[in-house]
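Given next are the chains, with one letter for each unit.
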Amino acid sequence: MSMSPLAAGDRPTWQPGRRLLSSGALLLALLALWPIGGLLGEGLQGLLTGSAQLGPDGGAQLRGTTLLLLGTALLGGTLGTANGWLLANCRFPGRRLLRVAQLLPLASPSYLLAATLVDLGSRQGLRIHGLGWGVLVMAVSTYPYVFLLSTESFTICGRRQLEACRCLGVGPWNSFRRIALPLALPAIGAGIALMGMEVVNELGAVQLLGIPSLSAGILQAWQAEGNPAGAVGLALITLCIVMVLLVGERRLRRRSRRWTEGVAGGESPAWPLQGQRALGAQVLGLVPPLLSLGIPLLWTARNLDQLRAGFSGELLQLTGRSLGLGLAAAGLAVAAALVLAIAKRWSSAAWLRSLTFLAGMGYAVPGAVLALALLLLGSPWRLAPLLLLLWGYSDRFLAVAKGGLDAALERLSPSLDEAATGLGCRWPAVLQRIHLPLLRGPLAVGALLVFVDTVKELPLTFALRPFDFDTLSVRVFQYASDERLAAALWPALMILTLGLIAALALIPGLERQGQDQAPSRG
Amino acid sequence: MRITRKTAGRNAGLLALLLASSGLLAACNTSGRQEIGVYSGRHYNTDQELYDRFTAETGIKVKLLEAKDDALIQRLRSEGSNSPADVLILADAARLDRAAHLDLFQSVDSAALEAAVPADLRDPNNRWFGLTRRLRAPMVNPAQVQPTEVNSYRKLADPALKGRLCLRNRRSVYNQSLVAFMLDREGEAATAAWIRGMVANLAQPVYGSDTPMIRAVAQGRCGVALANSYYLGRLQAGDKGADDQKLSAAVQVVWPDPVHVNITGGGITRHSQHPKEARRFLEFLASNQAQGGYAAANHEYPIRGFGNDPVLSAWGPFRQADVSAARLGELNGKALDLMTANGWQ
């Protein structure tokens, strides 16, 4: 949902610039929607001819994905929100370190966590299998999305509101429940929607844990059974689920807007925690990162003898490619997201708003299916595989870059833009002088999330990369799926390293959030 | 406002970084040499060494793209006549057969290939050729199941094994090929009963991969499991560490009589731009000289004979069933239907 467009009286003089912006947004949205449109066409054809059927496992796959989604949203949403609140508004020993630790799971691909868990488990005679483990793996891998978005909201939930609560004798728990949580709901909703989309698209972990899922069903139908119509049928169901996630998140945001507008900034008060409460907060902050990063590291420690054998000079080349792809995809996705978000803010056209909303749907299409759609589109034009790959990444991760940006723009009062236009600024100047500085944090977070996602991304890279162009994630998955985890060790460590560097780059942004928000709001 | 120039400078820096990284990516193309494009479903480090040897011997450079077999088939289909691939290498007979039926291969006229690859391990129309043999066989923990109890695939459905059998899920193409093998030998009704019997014997819900299943046999949580022999080979050779080597010593492979044989194989793509070079490549991979490398890397069996892998030698010889690889491919669809209908998850 966007803010209301600017005063009608200003429009005539603005038309050319706005048209340019709208055209740019339209072009980007069409590029994002083109492959999905192709899929929908194929699916419609399949429905008409009767070939788009769920198949014998369709029910189980739908149930598996739904339960995994619900379980992960519940556990991951709780973990992300609780840690967001505790680490933003409470003070206890180790808080700063734990705040950083929340970002670590972003560095660890969920398929790596699942593979190392299954491997360690089977050596100990423990069978790691099924939905419960899937929920745990997905929750600890994806809860940082909720943490990142909610902590920002909890941080800017100003001193005045919470101090007013304190004056009225409202304790920390009730302040959280009655003031901070409702204010943070849009951010939490956006985080859960991102988590949900990760879950719906997850392939490696669900396959390793034996959970029937739509993503695996799509791949099975399309590639193994050669039934694209059946695959698209399942992809359509997946799209519906993600639509529900997106629409739900949008409604939450709209409903909470009236609260957000009244929020004053300032540093949030620090509720001191002591004794058992402090211990509880420490455990809650420590366990998820310990699981998501600690288990692959434990696995590594137990296989140190194989670490020496697995090293090869090729590792640098693989790392270079992953790094290059990650940077390029992050730049493209963030630039596209910015154009779409700004166009939505400046345009009153309902079609444009709907289009920018729909442009984020690429995240809903499983990577393997998106890759095939791009191959179908690209082959007649002889488009270079690398170009298709970057198109795929940008399409798929546009929602990651856009989610935080939209939420941040929601919080920027329309009066800021109105004041600027009143002083004769046009939208490029408002963008440059007001929006970009205030959006610096969300832009950086979006770019880093896209970078990390690209470095971890598998199916797209698998399907679209050119000859002799393996990446770290491709190597890890090849070896892990071939049950040769030891060979995957070095590339996995490099993914973790790149992810950690990106995650650590988020820290200054996190630390600065409260201060950055203050001048624009105080 | 705090920004303007500073932000602009940062943006320019980011753009430069992007362009530089894109340039870096684009610079990775090579051209101007005699070369072939190979799509391969195999991905072992030693494969690359073999391809390098081929380049050293022939001067033909090998451009490689390794991915999941099914994804490669789809990619080749999507690319059509624009595909840069000259050779497609896939694991499992059913996938080779599917690729042939999708018209992704061309027929190859090569006396060397026909001499190196037995007729039952290549396509009757010479569109694909087996390059290594893969065996799916019972593996037992003798403390729980005696080898004589499972010396035929049929015995795995014997009620006497109730609560002692472990299986991988039906999505494993290796299991599908095994069921296709049973379909060819026993017919539909007997194979359906065999599947139901095995499902009734399960000690654990189906597994997602072979290695944890073999470990479960070693730990006594399964008495017997059906797995590809090279997974046990890797464990017993110490490829997966000393702990696994010690653990897997408790597992014994049982050769049913006859043994179901599957393959990895390859062919020349329909739209290959370099068919002569591609044929030389396949001939090289199938040659006696290369067979040790391609098969031994993964503890698979060479396409002829038993090779000289010490782990495999310890398991002794086996009698190979006469069900052809092409037949396994033909029956794959029916096999999968039968597994679904009879409760193999």
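Residues numbered from 1 in each chain as written. Chains lettered and ligands numbered in written order. Predicted model: local features only at pLDDT ≥ 70, side-chain atom pairs only at ≥ 80, totals over all residues. Heavy atoms only, no water.

K.L.:
Hey, could you run me through the overall build of chain A in this one?
P.N.:
Looking only at helices and strands, chain A has 22 helices and two strands in total. In chain A, which comprises 522 residues, the share counted as buried stands at 62%. A fraction of 85% describes how many contacts in chain A between residues 6 or more apart in sequence connect residues 24 or more apart. Summed over all atoms, the accessible surface of chain A reaches about 19,100 Å², with 66% contributed by carbon and sulfur. (Helix = DSSP H or I, 4+ residues; strand = E, 2+ residues; numbered from the N terminus. Buried < 20%, exposed > 50% of the residue type's maximum accessible area, 1.4 Å probe, protein only. Contact = heavy atoms within 4.5 Å. Areas by Shrake-Rupley, 256 points an atom, 1.4 Å probe, with all protein chains shown as cover.)

K.L.:
So what exactly am I meant to see when it comes to the packing of aromatic side chains here?
P.N.:
Two descriptors summarise a pair of aromatic rings, namely the distance from one centre to the other and the angle between the planes of the rings. For the structure shown, the criterion picks out 15 aromatic pairs over all chains. Between tryptophan 85 of chain A and phenylalanine 154 of chain A the ring centres are 5.5 Å apart and the planes differ by 80 degrees, which places this aromatic pair in the edge-to-face class. Of the two residues, tryptophan 85 of chain A is situated in helix H2 (residues 58-89) and phenylalanine 154 of chain A in helix H5 (residues 131-156); the sequence distance between them amounts to 69 residues. Residues tryptophan 85 of chain A and phenylalanine 154 of chain A agree in their burial class; the two are buried. Each ring, one from tryptophan 255 of chain B and one from tyrosine 301 of chain B, has its centre 6.2 Å from the other, and the planes form 70 degrees; the classification is edge-to-face. Remark: tyrosine 301 of chain B occurs in strand E10 (residues 301-302) and tryptophan 255 of chain B occurs in the loop between strand E8 (252-253) and strand E9 (261-269); sequence separation between them is 46 residues. For tryptophan 255 of chain B, a relative accessible area of 15% translates into the label buried. Classification of tyrosine 301 of chain B as buried rests on a relative accessible area of 1%. Pairwise contacts between aromatic rings join Trp255, Tyr301, Phe306, Trp315 and Phe318 of chain B into one cluster. Here the basic side chain of arginine 127 of chain A rests over the ring of tyrosine 207 of chain B, its NZ or CZ set 4.2 Å away from the ring centre. The ring of phenylalanine 469 of chain A carries arginine 321 of chain A above its face, with NZ or CZ at 5.2 Å from the centroid. (Phe/Tyr/Trp six-rings, centres within 6.5 Å; stacked < 30°, edge-to-face > 60°. Lys NZ or Arg CZ within 6 Å of the ring centre and 35° of its normal.)

K.L.:
I'm lost on the interface of chain A and chain B in this one. Help?
P.N.:
As a measure of interface size, the accessible area lost when the parts come together is often cited. Listed by partner, the interface residues are 60 residues for chain A and 64 residues for chain B. By the criterion of area lost to chain B, the three top residues of chain A are Arg127, Phe467 and Glu483 of chain A, representing 17% of everything that side buries. Taken together, chain A and chain B are joined by three salt bridges. Across the pair arginine 123 of chain A and aspartate 244 of chain B runs a salt bridge whose closest N-O atoms are separated by 3.6 Å. (Buried area = accessible area lost by both parts, 1.4 Å probe. Salt bridge = Lys/Arg side-chain N within 4 Å of Asp/Glu carboxyl O.)

K.L.:
I keep staring at the pattern of salt bridges and nothing clicks. Help me out?
P.N.:
For side chains bearing opposite charge, pairing can occur when the charged atoms are close. All chains considered together, the criterion is met by 30 salt bridges over all chains. Here arginine 465 of chain A ties to aspartate 470 of chain A by a salt bridge, and the two come within 2.8 Å at their closest N and O atoms. Each member of the pair, arginine 465 of chain A as well as aspartate 470 of chain A, is classed as buried. Linking arginine 134 of chain B and glutamate 300 of chain B is a salt bridge whose minimum nitrogen-to-oxygen distance equals 2.9 Å. Taken together, the positions of arginine 134 of chain B in strand E5 (residues 129-140) and glutamate 300 of chain B in the loop between helix H12 (288-296) and E10 put the pair 166 residues apart, joining distant regions of the chain. Grouping residues by exposure puts arginine 134 of chain B and glutamate 300 of chain B together as buried. Through salt bridges with shared partners, a single network forms among Asp119 and Arg123 of chain A together with Arg215 and Asp244 of chain B.

K.L.:
Just to check I follow, could you spell out the confidence of the model for chain B for this structure?
P.N.:
Low pLDDT means the predicted coordinates in that region are not meant to be read closely. Residues and elements named next belong to chain B. Taken residue by residue, chain B gives an average pLDDT of 88. The fraction at 70 or more is 89%. Confidence over residues 1-31 falls short of pLDDT 50; this stretch has 31 contacts with residues more than four positions distant or in other chains. The ipTM for the predicted assembly is 0.74, set against a pTM of 0.79. (pLDDT = per-residue confidence, 0-100.)

K.L.:
Help me understand the side chain of arginine 396 of chain A in this model?
P.N.:
All names here are of chain A. Residue position: arginine 396 is located in helix H16 (residues 385-411). Classification of arginine 396 as buried rests on a relative accessible area of 7%. If we ignore the near neighbours within four places in the chain, the residues touching arginine 396 are Asn201, Gly362, Tyr363, Val365, Gly367, Leu370, Glu457 and Leu460.

K.L.:
Which parts of the structure should I look at to understand the packing of helix H17 (residues 414-422) of chain A against helix H18 (residues 427-438) of chain A?
P.N.:
For any two helices packed against each other, the geometry is given by the interaxial angle and the distance between the axes. Residue and element names in this part refer to chain A. One can describe the packing of H17 onto H18 by two numbers: an axis separation of 11 Å at closest approach and a directional angle of 160 degrees. With respect to their mutual orientation, H17 and H18 come out roughly antiparallel. For the crossing formed where H17 meets H18, the hand is right-handed. Two secondary-structure elements touch here, H17 through Leu416, Asp417 and Ala420 and H18 through Val430, Ile434, His435 and Leu438. (Axes fitted to C-alpha atoms, helices over the stretch in contact; angles between N-to-C directions. Parallel < 35°, antiparallel > 145°, perpendicular 65-115°, else oblique. Left-handed = near helix turned anticlockwise from the far one by under 90°.)

K.L.:
Would you mind going over helix H8 (residues 210-218) of chain B with me for this structure?
P.N.:
Side chains of residues three or four places apart in an α-helix project in the same direction, reflecting 3.6 residues per turn. Counting buried residues along H8 of chain B, nine of its nine residues qualify, which places the element largely inside the surrounding structure. Elements that come into contact with the buried residues of H8 of chain B comprise helix H4 (110-123) of chain A together with E5, strand E6 (165-166), strand E7 (224-228), helix H9 (229-236) and helix H10 (242-248) of chain B. Glycine 220 of chain B sits one or two residues past H8 of chain B and shows a positive phi near 85 degrees.

K.L.:
For this particular structure, what's the right way to read unusual backbone geometry?
P.N.:
A negative phi angle is the norm for most residues apart from glycine, just as the trans form is the norm for most peptide bonds. Backbone torsion omega between aspartate 257 of chain B and proline 258 of chain B reads 0 degrees, so that peptide bond is classified as cis. Among the structural elements, proline 258 of chain B can be located in the loop between E8 and E9. For aspartate 468 of chain A, which is not glycine, the phi dihedral falls at a positive 50 degrees. If you trace the backbone, aspartate 468 of chain A turns up in the loop between helix H20 (459-464) and helix H21 (472-481). With a phi angle near 65 degrees, aspartate 103 of chain B is a residue other than glycine that sits in the positive phi range. By secondary structure assignment, the location of aspartate 103 of chain B is in the loop between helix H4 (93-101) and strand E4 (105-106).

K.L.:
Explain the nonpolar core here, please?
P.N.:
Burial of nonpolar side chains together is a common tendency in soluble globular proteins. Of all hydrophobic cores here, the largest spans 275 residues; its most connected members are Leu156, Trp194 and Phe281 of chain B. Among the elements that make up this core, the one with the highest residue count is helix H13 (residues 314-346) of chain A (16 residues). For phenylalanine 281 of chain B, the residues in contact, after removing those within four places along its chain, are Ile36, Val38, Tyr51, Phe54, Val62, Val87 and Ile89 of chain B. (Core = buried A, V, L, I, M, F, W, Y, C linked by side-chain atoms within 4.5 Å.)

K.L.:
Looking at this structure, how should I read the pairing of E5 of chain B?
P.N.:
Residues and elements named next belong to chain B. For E5, a buried count of twelve out of twelve residues is recorded, marking the element as mostly surrounded by other parts of the structure. Alignment of E5 against E9, held across six bridges, turns out to be antiparallel. Residue pairing for E9: arginine 133 is matched across the bridge by isoleucine 263. Of the pairings in the sheet, the one linking E5 to E10 comprises two bridges and is antiparallel in character. Note that in E10 the partner of arginine 133 across the bridge is tyrosine 301. With five bridges joining them, E5 and E7 adopt antiparallel strand pairing. By the bridge assignment, valine 140 is partnered in E7 with valine 224. (Pairing = 2+ DSSP bridges.)

K.L.:
Is there a simple way to think about the side chain of threonine 269 of chain B in this case?
P.N.:
All names here are of chain B. Position of threonine 269 relative to the elements: it lies in strand E9. Here alanine 85 takes part through its backbone oxygen, which lies 2.7 Å from a polar atom of the side chain of threonine 269. If near-sequence neighbours (up to four positions away) are discounted, threonine 269 is found in contact with Leu76, Ala85, Asp86, Val87, Leu88, Leu104, Phe105 and Gln106. (Polar contact = N/O pair within 3.5 Å; in protein donor to acceptor, adjacent residues only side chain to side chain.)

K.L.:
Hey, could you run me through the confidence of the model for chain A in this one?
P.N.:
Residue and element names in this part refer to chain A. Residue-level pLDDT values for chain A average 80, and 87% of them are 70 or greater. Ranking the elements of chain A by mean pLDDT puts helix H22 (residues 489-521) last with 69 and H2 first with 92. In this model, residues 1-14 is a region of pLDDT below 50 whose contacts with residues beyond four sequence positions or in other chains number 37 contacts. Predicted confidence for residues 258-262 stays below pLDDT 50, and this span has five contacts to residues more than four positions away or in other chains.

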